[in-house]
Amino acid sequence: MQQLNDLSSKVGNNLTSIKTAIDRVVASGWFVLGPELERFERLFATYLGAEHCVGLANGTDAIELALRALAVNPGDKVATVANAGMYTTTALSAIGARPLFIDVDLGTHNTTLAEVMRAVDSGVKAVVITHLYGLIVPEISQIAEYCAVKKVPLLEDCAQAHGARMNGQRAGTFGDAASFSFYPTKNLGALGDAGAVVTDNAGIAQKVGHLRQYGWTTKYRVDTSGARNSRLDEIQAAVLSEFLPLLDDANARRREIAHRYSTQIEHPAVIAPQRYDQEYVAHLYVVRTQSRDALQHHLLTRNIASAVHYPIPDYRQPAFAHTLDESMPLLQNTEQLCREVLSLPCYPEMTDKEVAEVVKGINSWQI
Ligand SMILES: Cc1ncc(COP(=O)(O)O)c(C=O)c1O
């Protein structure tokens, strides 16, 4: 069976360095908020070209705590896309803030300057943009500029865009702050849950640092409300420091696989993503078709797994429907993409032969 992802290959290829890193932590007897986390925070900030990185327990906490540090409060409206798996909406609901959903472009699956302007001009407190599937939002520079002029904080959700670059600048360094997830399947993934907030602003970094540990300014003194326990542990930090130097090569291999798919998939009913000039990192390779179930079934008959990222727009999620604005217009492109998207296997350890089998699988589909 061709799986969508294969973490055991990644772990197998790096077993010695993983074991050495874990042994080092175990021998040190220091398991939470110690030297390994400080090292990873320094390494990752440097890699991105940012000033500060604050490690957290996961990427959803990173969105929430970054927004709290950006002064988003209960009742505030925050702009976000609705085609990115509910993560930002979940973070907003934890704060008691409300999403104002913005649409995305059919070709890039990402939001646009026009949509962000619409939200900012309607009075949102902050904007979250998601660099989806590994592609930096194409108009990110203009979006950052517009938000800065309007004094509306911009958070970049980079959970699917570790290492992606535009004109040499890494995802996560355009806005006021950025959130990352290091969930195991991410381009930079731990061996469990982990996340981080990255920023150039020392005040935001300090606030997130307090929010991740009960709101303590100093031990047992709480000056910051809205806090929790959200720490990235030493073992995960040590493993992430081992994986970070491998990230650029792994991303290059993902790009190569995506390039093969985009040049070799030829089917009248399948739209493959265009090839991008910028350095995108192919976190997911997502095609579109109006007969998604049939294509998914066809691939399964050839032992090829696929998945849907994501089938339900946030505003249609049953658990959240009652909290959402009834006057909200439907987002046409988001609706269409949720009906049509299908993710194909795409991960660095995939062989050329496996990629060729997936291409054959798609091209042989008789609709
Ligand atoms: C775009 C996006 N944002 C946020 C998250 C949340 O990260 P986590 O699962 O670490 O909470 C994820 C990953 O699952 C994601 O893909």
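Up top is the structure.
This report concerns the structure included in the present document. Just so it is clear, the structure is predicted and the values come from calculations on it, not from any experiment. (Residues numbered from 1 in each chain as written. Predicted model: local features only at pLDDT ≥ 70, side-chain atom pairs only at ≥ 80, totals over all residues. Heavy atoms only, no water.)

## Some words on the site of the ligand
Alright, step 1. Taken together, Asn 58, Gly 59, Thr 60, Ile 63, Tyr 87, Thr 130, Asp 157, Ala 159, Gln 160, Ser 181, Lys 186 and Tyr 310 make up the full set of residues near the ligand.
Alright, step 2. With respect to the ligand, the side chain of Asp 157 contributes an N or O atom lying 2.6 Å from a nitrogen atom.
Alright, step 3. Within the side chain of Ser 181, one N or O atom sits 2.7 Å away from an oxygen atom of the ligand.
Alright, step 4. Protein contact buries 92% of the 390 Å² of open area that the ligand shows by itself.
Alright, step 5. Judged by the proximity of its atoms to the pocket grid, the ligand belongs to the largest pocket.
Alright, step 6. Element by element, the count of residues in the shell around the ligand is highest for helix α4 (residues 59-69), at 3 residues.
Alright, step 7. Looking at the shell around the ligand residue by residue, the classes come out as 4 nonpolar, 6 polar and 2 charged. (Near = heavy atom within 4 Å. Polar contact = N/O pair within 3.5 Å; in protein donor to acceptor, adjacent residues only side chain to side chain. Areas by Shrake-Rupley, 256 points an atom, 1.4 Å probe, with all protein chains shown as cover. 1 Å grid on protein atoms, 1.4 Å probe; cavity = no way out; pocket = protein on both sides within 12 Å on 5 of 7 lines; lining within 4 Å. Sits in = over half its atoms within 2 Å of the grid points. Helix = DSSP H or I, 4+ residues; strand = E, 2+ residues; numbered from the N terminus. Nonpolar A, V, L, I, M, F, W, Y, C, P; charged D, E, K, R; others polar.)

## Re helix α9 (residues 234-243)
Alright, step 1. Counting buried positions along α9 yields 8 of 10 residues, so the element is predominantly enclosed.
Alright, step 2. Every buried residue of α9 is listed here: Glu 234, Gln 236, Ala 237, Ala 238, Val 239, Leu 240, Ser 241 and Phe 243.
Alright, step 3. Those residues of α9 hidden inside the fold are in contact with α1 (7-13), α2 (15-28), α3 (35-48) and α10 (247-264). (Buried < 20%, exposed > 50% of the residue type's maximum accessible area, 1.4 Å probe, protein only. Contact = heavy atoms within 4.5 Å.)

## Some points on the sheet that holds strand β9 (residues 195-199)
Either a parallel or an antiparallel arrangement is found when strands of a sheet pair, and the pairing is made through backbone hydrogen bonds.
Alright, step 1. Pairing is mixed in the open sheet, where 7 strands are placed in the order β1-β9-β8-β5-β4-β2-β3. Strands at the two margins of the open sheet, each flanked by one partner only, are β1 (52-56) and β3 (98-102). Each adjacent strand pair in this sheet contributes to an overall mean axis angle of 20°, direction not counted.
Alright, step 2. Judged from the 4 bridges that link them, strand β4 (residues 126-130) and strand β5 (residues 154-157) form a sheet pairing that is parallel. Along β5, the bridge assignment pairs Ile 129 with Glu 156. (Pairing = 2+ DSSP bridges. Axes fitted to C-alpha atoms, helices over the stretch in contact; angles between N-to-C directions.)

## So, unusual backbone geometry
Across the chain, the bulk of peptide bonds are trans and the bulk of non-glycine residues have phi less than zero.
Alright, step 1. For the peptide bond that leads from His 309 to Tyr 310, omega is 15°, which places it in the cis range.
Alright, step 2. Note that Tyr 310 resides in the loop between α11 (292-301) and α12 (332-340).
Alright, step 3. Within the chain, Tyr 214 stands out as a residue other than glycine whose phi angle is a positive 65°.
Alright, step 4. A residue is classified by how much of its surface remains accessible, and Tyr 214, at 33% relative accessible area, is partly exposed.

## Some words on the pattern of salt bridges
Alright, step 1. Evaluation of the coordinates by the stated rule reveals 19 salt bridges.
Alright, step 2. The shortest N-O distance in the salt bridge between Arg 255 and Glu 279 comes to 3.8 Å. Within this pair, whereas Arg 255 is found in helix α10, its partner Glu 279 is found in the loop between α10 and β12 (285-288), the two being separated by 24 residues in sequence.
Alright, step 3. A relative accessible area of 25% means that Arg 255 is categorised as partly exposed.
Alright, step 4. Given a relative accessible area of 29%, Glu 279 falls into the partly exposed group.
Alright, step 5. Several salt bridges share partner residues, and in doing so they unite Arg 24, Glu 36, Arg 39 and Glu 242 into one network. (Salt bridge = Lys/Arg side-chain N within 4 Å of Asp/Glu carboxyl O.)

## Describing the environment of Lys 125
Alright, step 1. Take Lys 125: it is sitting in the loop between α6 (113-121) and β4.
Alright, step 2. By relative accessible area, which is 31% here, Lys 125 ends up partly exposed.
Alright, step 3. Once the C-alpha coordinates of Lys 125 and Ala 71 are considered, the two residues, 54 residues apart in sequence, prove to be 8.5 Å apart.
Alright, step 4. Setting aside residues up to four positions removed in sequence, Lys 125 forms contacts with Ala 71, Val 72, Asn 73, Asp 76, Lys 77, Val 152 and Pro 153.
Alright, step 5. In terms of polar contacts, Lys 125 uses its side chain to reach the backbone carbonyl oxygen of Ala 71, at 2.7 Å.

## Description of a nonpolar patch on the surface
Alright, step 1. Together, Val 26, Phe 31 and Val 32 make up an exposed nonpolar region whose accessible area comes to about 240 Å².
Alright, step 2. In this structure Phe 31 comes out as partly exposed when scored by relative accessible area, which is 40%. (Patch = residues over 30% accessible without salt bridge, like charges linked within 9 Å, V, L, I, M, F, W, Y side chains within 5 Å.)

## Some points on empty space enclosed by the protein
Alright, step 1. Tallied over the full model, the rule gives 4 cavities of 30 Å³ or more.
Alright, step 2. Its boundaries defined by the atoms lining it, the largest cavity holds a volume of some 90 Å³.
Alright, step 3. Forming the walls of the largest cavity are Thr 108, His 109, Leu 132, Tyr 133, Leu 135, Pro 273, Tyr 276, Tyr 280, Leu 284, Tyr 285 and Val 286.
Alright, step 4. When the residues that make up the lining of the largest cavity are grouped by side-chain class, the tally is 9 nonpolar, 2 polar and no charged. (Points joined across faces, edges and corners; volume = space filled by probe spheres on them.)

## Observations regarding the layout of surface pockets
Alright, step 1. Considered as a void within the structure, the largest pocket measures approximately 460 Å³ in volume.
Alright, step 2. Taken together, 28 residues form the lining of the largest pocket, with Tyr 87, Tyr 183, Thr 185, Lys 186 and His 283 sitting closest to its centre.
Alright, step 3. Those elements giving two or more residues to the lining of the largest pocket turn out to be α4 and β8 (177-181).
Alright, step 4. With 3 residues, α4 is the largest single contributor of residues to the lining of the largest pocket.
Alright, step 5. The residue inventory of the lining of the largest pocket, partitioned by class, reads 14 nonpolar, 10 polar and 4 charged.
Alright, step 6. Counted as a void, the second largest pocket has a volume near 280 Å³.
Alright, step 7. Along its surface, the second largest pocket is lined by 20 residues, and Lys 10, Leu 246, Ala 250, Pro 348 and Glu 349 are the ones closest to its centre.
Alright, step 8. At the level of elements, α1 and α10 are the ones that each hand at least two residues to the lining of the second largest pocket.
Alright, step 9. The biggest single contributor to the lining of the second largest pocket is α10, with 4 residues.
Alright, step 10. Residues belonging to the lining of the second largest pocket are distributed by class as follows: 9 nonpolar, 5 polar and 6 charged.

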